[in-house]
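Below, each chain spelled out in residue letters.
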Amino acid sequence: MEVEEIIKLADRLIFRQTNKHLDDLQLAILRETFQGKRYIKIAEERDLTEGHVKDAACQLWKILSKELGEDVKKSNFRATMERLRYSNISHFGKDIVQHIGDVNVCTNPSKTGDGTNQTQPTSLRTQIDLGNAPEVVRFYGRTEELAILERWIVEKRCRLTTIVGMNGIGKTSLAVRLVEQIKTHFDRAIYRSLRFAPSLETRLTDLLQFLSNSDKVSQTMEGKLSQLLEVLRRDRVFVILDDIHALFGSGQLAGCYQPDCKNYQELFKLVAEVSHNSCFVAIGWEKPREFFQWEGDRAPVYSLRLQGLGTIAREILRDKELADEEHWAIPIETYQGNPLWLKDVATPIKTLFRGSITEFCRHETLFLGAVLKGNLERQFQRLSELEKNILFWLSQHNKPVAIAQLLEANLADLSTLLSAIQSLEQRCWLTIQDRENQIQFVLPPILAQFVTQISRSLD
């Protein structure tokens with residue numbers, strides 16, 4: 001029996017007794033007890049006293065003993081949990097644990113409105129619905145990002161997190177891989193795209209049918225949100241909402257909703273501000289403005305800006321069978337380690353330059369393939385007019401610039417200019433540098449090349 005499956009079962013038992021999930025120390029005690037570690041070792045690794053760990057463990061064994069109706073302690077914890085899994089039908093106090101094939105179903109009698117007992121089944125095997133999520137055939141690196149997200153979601157139990165970044169950077173692949181990595185911590189996991197900006201009513205109905213395993217969904221918005229909150233509190237569910245940028249209007253600053261999509265604010269507000277056991281991950285080119293007010297060290301809301309792959313991107317060039325490995329750092333840096341961009345440029349290098357990066361670089365030009373250019377055009381069209389004008393101006397100045405220089409260009413007053421620059425940075429069109437004690441803004445080479453081509457086409 002895998003340790004995470006034991007942890008999940010123990011968490012359910014603890015929750016039924018205390019209405020609280022395992023905290024970090026309790027998780028460590030169970031996980032490391034399963035591995036045969038002594039209390040003093042657990043304490044040393046966490047800079048705690050052995051007595052503190054023993055007290056926490058004693059309380060934990062008491063709660064489990066009360067829930068199971070038998071004496072549970074460190075020496076028999078693993079054997080007890082193994083027996084709990086493999087018994088066909090075993091009575092432990094008020095609970096019944098049934099095992100059907102490889103699926104464990106824990107049922108806990110609860111009182112209904114008329115005073116009768118009714119069992120509420122929950123499956124120990126995570127139910128997953130990835131819908132139309134792309135299949136991740138080849139996954140490159142992202143070990144650090146996966147660890148960060150797992151810590152936020154599993155250890156810190158965040159309620160809402162965002163993954164933002166340029167198109168093609170690997171946001172969706174990361175999220176799909178994350179599901180596989182943390183699925184044992186959830187009852188259900190679901191992926192849905194907002195690419196076509198479905199109404200909130202439509203999306204909530206779809207989510208509720210899967211998460212509640214029922215077709216009985218309220219007909220009102222208030223009722224749907226209430227049902228969702230009930231599920232988020234009752235169970236531990238993991239929801240991925242991709243392409244959230246589709247909810248926002250074009251020609252505006254980052255994170256401004258289309259009129260028909262403004263009520264999505266109610267969904268995100270509920271997920272972020274109301275206490276529950278679940279987690280939502282929102283993925284897109286940019287994030288809603290209200291997310292910023294929830295983020296912070298003490299808030300259960302986090303945001304990950306996904307950057308390029310760095311040296312791991314060499315695996316992409318290796319898969320594309322390109323030559324001149326000693327020069328691979330050049331296209332990786334030029335194309336910002338973006339997996340999609342690198343794959344796009346690798347094709348002409350292989351077919352037109354016999355796979356030689358050296359030959360390709362001799363032409364000293366930045367190649368914008370059809371895929372790369374098409375993606376940038378879609379993102380560019382979403383920008384406000386001021387944002388576009390700032391990019392046009394920056395593309396003509398092939399160097400980092402400060403606020404004072406932008407003000408001299410008379411593009412807008414300071415307040416309006418700062419808002420537009422902040423929006424561009426959130427949309428990953430600008431990078432910020434602190435050089436010589438001065439904040440400066442940089443338009444990356446590939447984006448500068450694209451904006452220059454757009455500017456020329458308008459002349």
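The text that follows walks through the structure, step by step, so that each part is easy to find. (Residues numbered from 1 in each chain as written. Predicted model: local features only at pLDDT ≥ 70, side-chain atom pairs only at ≥ 80, totals over all residues. Heavy atoms only, no water.)

## Regarding the overall build of the protein
If you tally the helices and strands in the protein, you get 20 helices and twelve strands. Across the 459 residues in the protein, those meeting the buried criterion constitute 51%. Pairs at least 24 apart in sequence give 67% of the contacts found in the protein among residues at least 6 apart. Roughly 22,600 Å² of accessible area belongs to the protein as shown, and the carbon and sulfur atoms make up 47% of that amount. (Helix = DSSP H or I, 4+ residues; strand = E, 2+ residues; numbered from the N terminus. Buried < 20%, exposed > 50% of the residue type's maximum accessible area, 1.4 Å probe, protein only. Contact = heavy atoms within 4.5 Å. Areas by Shrake-Rupley, 256 points an atom, 1.4 Å probe, with all protein chains shown as cover.)

## Some words on the nonpolar core
If you look at the biggest cluster of nonpolar residues, it comprises 47 residues, and the most contacted ones within it are L376, I390, L391, L406 and W429. Taken together, the elements giving at least two residues each to this core come down to α12 (314-319), α14 (339-352), α15 (357-361), α16 (370-380), α17 (385-395), α18 (403-408), α19 (414-426) and α20 (445-458). With residues near it in sequence (within four places) discarded, L391 still touches F380, L383, L424, W429, L430, L443 and V451. Judged by nonpolar contacts, the second largest core, of 34 residues, contains L204, V237, L270 and F280. (Core = buried A, V, L, I, M, F, W, Y, C linked by side-chain atoms within 4.5 Å.)

## Quick look at the layout of surface pockets
Of the voids in this model, the second largest pocket is the one considered here, and its volume is about 660 Å³. Taken together, 33 residues make up the lining of the second largest pocket; nearest its centre are G168, G170, K171, T172 and S173. Broken down by secondary-structure element, the contributors of at least two residues to the lining of the second largest pocket are α7 (171-182), α14 and α16. If one sorts the elements of the lining of the second largest pocket by residue count, α7 sits on top with four residues. (1 Å grid on protein atoms, 1.4 Å probe; cavity = no way out; pocket = protein on both sides within 12 Å on 5 of 7 lines; lining within 4 Å. Points joined across faces, edges and corners; volume = space filled by probe spheres on them.)

## Digging into the pairing of strand β12 (residues 438-442)
Across five bridges, the pairing between strand β11 (residues 431-435) and β12 is antiparallel. Each bridged residue has a counterpart across the sheet, and for D434 the counterpart in β12 is I439. The antiparallel pairing of β11 with β12 creates a hairpin that spans two residues between the two strands, and E436 there sits at a positive phi of about 55°. (Pairing = 2+ DSSP bridges.)

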